[in-house]
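# A closer look at the structure
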Amino acid sequence: MKKSLLLVLLASTTLASSIPAFSQAAQPAASDNKIKAAGKKIGNGIMWGPKKVGEGLKKMGAGAKKMVGK
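Here we summarise the structure given alongside this text. (Residues numbered from 1 in each chain as written. Predicted model: local features only at pLDDT ≥ 70, side-chain atom pairs only at ≥ 80, totals over all residues. Heavy atoms only, no water.)

On a plain count of helices and strands, the chain comes out with one helix and zero strands. Only carbon and sulfur atoms are counted for the fraction: they give 72% of the accessible area of the chain, which is about 6,600 Å². (Helix = DSSP H or I, 4+ residues; strand = E, 2+ residues; numbered from the N terminus. Areas by Shrake-Rupley, 256 points an atom, 1.4 Å probe, with all protein chains shown as cover.)

Structure below.
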């Protein structure tokens, strides 16, 4: 009886001490995803203007080809 009680106590303390370590290890991965998502949004915001200008130039070029007849 004392051996099984000691075994259960040892197992529960081992489990209880390992859970905070696992939760702390999981947090940086979640924050990395947030940083990655924020960086992607900032990059898309920066590139929005040049992308729109490039699309406009393509449309102007297509319109000029139609006017010339080629």
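Within this structure, the stated rule accounts for one salt bridge. Two residues, Glu55 and Lys52, come together in a salt bridge whose shortest N-O distance is 3.9 Å. On the criterion of helical spacing, the pair formed by Glu55 and Lys52 is a turn pair, its members being three residues apart in helix H1 (residues 2-68). By relative accessible area, Glu55 is classed as partly exposed at 34%. Exposure remark for Lys52: the relative accessible area of 41% places this residue in the partly exposed category. (Salt bridge = Lys/Arg side-chain N within 4 Å of Asp/Glu carboxyl O. Buried < 20%, exposed > 50% of the residue type's maximum accessible area, 1.4 Å probe, protein only.)

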